[in-house]
Amino acid sequence: MTAALEAAERGWHVFPLRPGTKRPALHGEAACTGTGPCERGHRKWEQRATCDPDRIRAAWSRAPFNVGIATGPSGLVVVDLDVPKDKSSSDAPCGATTFGALCERAGHAVPTTYRTRTASGGEHLYFTAPDGVRLTNTAGTVADSVDTRAWGGYVVAAGSITPAGPYEALCGFEAVALPSWLQTILQPPRKAPEAPSAALTGQSRRYADAALANEARNVATAQVGEREAKLFRAARALGRFVAWGDLPRSVVEQALQEAGEAAGLSASECRSTLRSALNWSIAHNQVRRDAA
């Protein structure tokens, strides 16, 4: 209860997790009786999370629940630096290491903000979400073993206890604003207009060529501190044209590789960023209906 109230005092919306676990203690839709909070329809944990101290005391007086923080309603983006699941493999990446390397390539130190240690030995970095932007959860988009929680997600709060160990606050009383370079990586690129019919395939390809030239120019002129993020964003934006068949992947890779190196990034940094960003974008963009 104390941990839940402390989180609520920060303006973070909490809900109960089953004692000793990371699973929500609230009923699921299949078991919903349509009464109480669900009288007008089933309400999930994200909708029922609260900052109301009276509701928190009433809920946690029933059992020693762990504490879940609904990141979206709380205005938070939490970066989850995971540890390898297979501890026997020395080659498995550590989230803290890969995130630190990403920050260094972006020209920034690892942000100092409210941070917790997870039961598995990983870390959660808390940031306040940008105004007017609805970020959602990601898995591996930022870097290997680095996930994020925003709308649609939750994290286990400090003070919670599991058989693997406790969740503990480490440092930083306040959650600072999400860095703009990190927001650039997390924010989905705007979808390009779809051609209304197959007859406009030529126009679509001209649009793709113009987008390629524009993105390459933006990367080549990027300043120190924004080069990595702009390259990542450009590759994600152009990956849809590769998936749609408007641009060959090799053409996109060559253009952005040259632009990244022109901006001052090393060849290996460019290749690594392009590979992961293009793979993600191609996998998440379906072929246009008119081109199927």
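From a predicted model like this one, the values you see are computed outputs, not experimental measurements. (Residues numbered from 1 in each chain as written. Predicted model: local features only at pLDDT ≥ 70, side-chain atom pairs only at ≥ 80, totals over all residues. Heavy atoms only, no water.)

**Focus on the overall build of the protein chain**
Counted only if it meets this: Strands here mean DSSP runs of E at least two residues long; helices mean DSSP runs of H or I at least four residues long; both are numbered from the N terminus. We call two residues in contact whenever any of their non-hydrogen atoms come within 4.5 Å of each other. In short, Shrake-Rupley with a 1.4 Å probe defines the accessible areas, and a residue's cover is counted only from the protein chains shown.
Secondary structure assignment for the protein chain yields 9 helices and 12 strands. Taking the intrachain contacts of the protein chain between residues at least 6 apart in sequence as the baseline, contacts between residues at least 24 apart amount to 74%. When the accessible surface of the protein chain is split by element, carbon and sulfur atoms take 50% of a total near 14,900 Å².

**Topic: helix α3 (residues 53-60)**
We apply this condition: Any residue under 20% of the maximum accessible area for its type is buried, any over 50% is exposed, and the rest in between are partly exposed; the area is computed with a 1.4 Å probe on protein chains only. The arc in question is the one spanned by the directions pointing from the helix axis to the C-beta atoms. A 3.5 Å cut-off defines polar contacts: any pair of N or O atoms within that distance qualifies, except that in protein one atom must be a possible hydrogen donor and the other a possible acceptor, and neighbouring residues in sequence count only when both atoms are side-chain atoms.
Within α3, the full set of buried residues consists of Ile56, Ala59 and Trp60. All buried residues of α3 lie within an arc of 85° about the axis, which places them on one face of the element. As for α3, its buried residues are in contact with α1 (2-9), β1 (14-17) and β2 (66-70). The N-capping residue of α3, defined by a side-chain oxygen 2.9 Å from the backbone nitrogen of Asp54, is Asp52.

**Re unusual backbone geometry**
The residue Ser145 is not glycine, and still its phi comes out positive at about 65°. Summarising the element assignment, Ser145 is placed in the loop between β6 (138-143) and β7 (146-149). Overall, Ser145 belongs to the partly exposed group, its relative accessible area being 24%.

**A look at the state of the cysteines**
Every disulfide links exactly two cysteines, by a covalent bond between their sulfur atoms. Let me state the cut-off plainly: We call a pair of cysteine sulfur atoms a disulfide when they lie within 2.5 Å.
Summed over the entire model, instances satisfying the criterion amount to 0 disulfides. Free cysteine: Cys32, not disulfide-bonded; nearest cysteine sulfur from Cys38 at 3.8 Å.

**Examining the nonpolar core**
This is how the line gets drawn: What we call a nonpolar core is a set of buried Ala, Val, Leu, Ile, Met, Phe, Trp, Tyr and Cys residues that are connected through their side-chain atoms within 4.5 Å.
The biggest cluster of nonpolar side chains holds 43 residues, and the ones touching the most others in it are Val79, Phe99, Val142, Trp181, Leu182, Val252 and Leu256. Not counting residues up to four positions away in its chain, the partners in contact with Leu256 are Glu215, Ala216, Val219, Leu231, Ala234, Ala235, Leu238 and Leu274. With 20 residues, the next largest nonpolar core counts Trp60, Val78, Val155 and Ala158 among its residues.

**What to know about the confidence of the model for the protein chain**
Going by this rule: The quantity called pLDDT is the predictor's confidence in a given residue, expressed from 0 to 100.
Looking at the protein chain, the pLDDT average stands at 87 and 90% of residues meet or exceed 70. For residues 195-200, every residue scores under 50 in pLDDT, and the model assigns this stretch 6 contacts once sequence neighbours within four places are set aside.

**With respect to helix α8 (residues 249-263)**
In plain terms, the rule: A helix is expected to span 1.5 Å multiplied by its residue count minus one.
The end-to-end C-alpha separation of α8 is 21 Å, in line with the 21 Å expected for 15 residues at 1.5 Å each. Of the positions making up α8, those classed as buried are Val252, Ala255, Leu256, Gln257, Ala259, Gly260 and Ala263. Of the residues one or two after α8, Gly264 is the one with positive phi, at around 115°.

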